[in-house]
Amino acid sequence: MSLKPIILLHNISKTYERKIALSSLSIVIEKGERIALIGPSGAGKTTLLNILANIIPSDTGSFELNGLPIHQYLSNKRLAKKIGVIRQQFDLVGQLPVIHNVLAGRLGEWGFFKSIISLVFPQDKDLALAALERVGLGDKTYEKTSNLSGGELQRVALARLLVQHPEIILADEPVASLDPARAEDILSMLAKLVKEENQTLITSLHSVEYARQYFTRIIALRDGSIYFDLPSKEVTDQMLSDLYYLKELE
Ligand code: ADP
Ligand code: MG
């Protein structure tokens, strides 16, 4: 008997007005995979991540999580335990101490004020402190969040994710706004944490080098279709240059 894949997409299509963003995409993802989505801009990466995050619906096709259709996960609470999203702007509140922002990940469905109230529960607080230690920000726990650097803010977002502890983590170009050294620092940390927790990671990326280095599988999209879907080790330079080159001719 085989286990159900954690994510099963079958014939997913999405059209915006007359623009086909995704065309009959079928993807099976097993627990613990670390997947990089690459491809030229406009290929459909963000659209795919938004469908996976349940932010937008697909027009056609089916999407199952652990063998259950996505619409059966009725509450955000159930979904927040399954899927966590790293947003580009991080959604951190600058005026508040770092620990409050980390605790905001404690229970996605509580909303912000209940997350603050949750500070009175020591168990939650300990979780947040442990998460901050793990991302190397133990000394910034009570610092005002807006005083932190871009790379540190990204680490706060990682700590919040550790506290939320979803089974699946989605990120849309999470390091696009960071310089190369910080980008590598964050990606290696993200990959390490995800591996330790046996979580499933799906991230869109500009850099194919990072995709190869930190991810187990690369799915290349072009014009809303899968151009290739391979273990990172099997992706050749030629495939990558074809992926980006063909787009230029259009
Ligand atoms: P990527 O993230 O790979 O750059 P997107 O998923 O953002 O690609 O976009 C895929 C295609 O869908 C592009 O052609 C884009 O212009 C189009 N698109 C994305 N979002 C919208 C929208 N809200 N309205 C109309 N077209 C959109
Ligand atoms: Mg995008």
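Only a predicted model underlies this, so the values are computations on that prediction, with no experimental measurement involved.

Participant: Help me out: how do you make sense of the overall build of the protein chain in this one?
Facilitator: Across its full length, the protein chain carries nine helices and 10 strands. Residues classed as buried in the protein chain amount to 45% of the 250 residues present. If you sum the accessible surface of the protein chain, you get close to 12,500 Å²; carbon and sulfur atoms cover 53% of it.

Participant: Sorry, what's going on with the site of ligand 1 here?
Facilitator: Tyr 16, Lys 19, Ala 21, Pro 40, Ser 41, Gly 42, Ala 43, Gly 44, Lys 45, Thr 46 and Thr 47 make up every residue found near ligand 1. Here Lys 45 contributes a side-chain N or O atom positioned 2.8 Å from an oxygen atom of ligand 1. Side-chain polar atom of Thr 46 to an oxygen atom of ligand 1: 2.8 Å apart, as the coordinates give it. Taken by itself ligand 1 offers 560 Å² of open surface, and the protein chains cover 63% of this. Of all the secondary structure elements, the ones that give two or more residues to the shell around ligand 1 are β2 (19-29) and α1 (45-52). Examining the composition of the shell around ligand 1, we find that three residues originate from one element, α1, more than from any other. Across the shell around ligand 1, the residue classes tally to four nonpolar, five polar and two charged.

Participant: Help me understand helix α7 (residues 180-196) in this model?
Facilitator: Because an α-helix completes one turn every 3.6 residues, residues spaced three or four positions apart along the sequence face the same direction. For α7, with 17 residues, the first-to-last C-alpha span of 24 Å sits near the 24 Å given by 1.5 Å per residue. Along α7, the residues classified as buried are Ala 183, Ile 186, Leu 187, Met 189, Leu 190, Ala 191, Leu 193 and Val 194. Just beyond α7, the residue with positive phi is Asn 198, at close to 50°.

Participant: Explanation requested: the sheet that holds strand β3 (residues 34-38) in the structure shown.
Facilitator: Pairing between the strands of a sheet is mediated by backbone hydrogen bonds and can be parallel or antiparallel. The strand order across the open sheet formed by six strands is β6-β7-β8-β3-β9-β10, and the pairing between neighbours is mixed. Each edge of the open sheet carries a strand with a single partner, namely β6 (83-86) and β10 (225-231). In this sheet, neighbouring strand axes are inclined to one another by 15° on average, regardless of whether the strands run parallel or antiparallel. By the bridge criterion, five bridges tie strand β7 (residues 168-172) to strand β8 (residues 200-204) in an arrangement that is parallel. Across the sheet, the residue bridging to Asp 172 is Ser 204, located in β8. With respect to the sheet, helix α6 (residues 150-164) is in contact with β6 and β7, its orientation differing from that of β6 by roughly 175°. Lying on the sheet, α7 is in contact with β3, β6, β7 and β8; it crosses β3 at an angle near 140°.

Participant: Looking at this structure, how should I read the packing of aromatic side chains?
Facilitator: For any pair of aromatic rings, the description consists of the separation of the ring centres together with the inter-plane angle of the planes. What the rule picks out here adds up to two aromatic pairs. Aromatic side chains Tyr 210 and Tyr 214 sit 6.5 Å apart centroid to centroid with 45° between the ring planes, which places their arrangement in the tilted category. Of this pair, Tyr 210 and Tyr 214 are both found in helix α8 (residues 208-214), four residues apart, which corresponds to roughly one turn of the helix. Tyr 214 carries the same exposure label as Tyr 210, and that label is buried. Measuring from centroid to centroid gives 6.2 Å for Tyr 227 and Phe 228, while their planes differ by 50°, and the two rings are tilted.

Participant: Is there a simple way to think about the nonpolar core in this case?
Facilitator: In summary, soluble globular proteins display a tendency toward joint burial of nonpolar side chains. One finds Ile 38, Val 102, Val 135, Leu 158 and Leu 205 to be the most contacted residues of the largest nonpolar core, which totals 45 residues. For this core, the element with the most residues is α7, which contributes eight residues. Residues from two domains meet in this core; each of domain 1 (1-82 + 166-243) and domain 2 (92-164) gives at least three. Setting aside chain neighbours within four positions, we find Leu 158 in contact with Ile 86, Val 135, Ile 186, Met 189, Leu 190 and Leu 193. Of all hydrophobic cores here, the second largest spans 28 residues; its members include Ile 35, Ala 43, Ile 56 and Ile 70.

Conventions used here
- Residues numbered from 1 in each chain as written.
- Chains lettered and ligands numbered in written order.
- Predicted model: local features only at pLDDT ≥ 70, side-chain atom pairs only at ≥ 80, totals over all residues.
- Heavy atoms only, no water.
- Helix = DSSP H or I, 4+ residues; strand = E, 2+ residues; numbered from the N terminus.
- Buried < 20%, exposed > 50% of the residue type's maximum accessible area, 1.4 Å probe, protein only.
- Areas by Shrake-Rupley, 256 points an atom, 1.4 Å probe, with all protein chains shown as cover.
- Near = heavy atom within 4 Å.
- Polar contact = N/O pair within 3.5 Å; in protein donor to acceptor, adjacent residues only side chain to side chain.
- Nonpolar A, V, L, I, M, F, W, Y, C, P; charged D, E, K, R; others polar.
- Expected span 1.5 Å × (residues − 1).
- Pairing = 2+ DSSP bridges.
- Axes fitted to C-alpha atoms, helices over the stretch in contact; angles between N-to-C directions.
- Contact = heavy atoms within 4.5 Å.
- Phe/Tyr/Trp six-rings, centres within 6.5 Å; stacked < 30°, edge-to-face > 60°.
- Core = buried A, V, L, I, M, F, W, Y, C linked by side-chain atoms within 4.5 Å.
- Domains from an automatic or database assignment.

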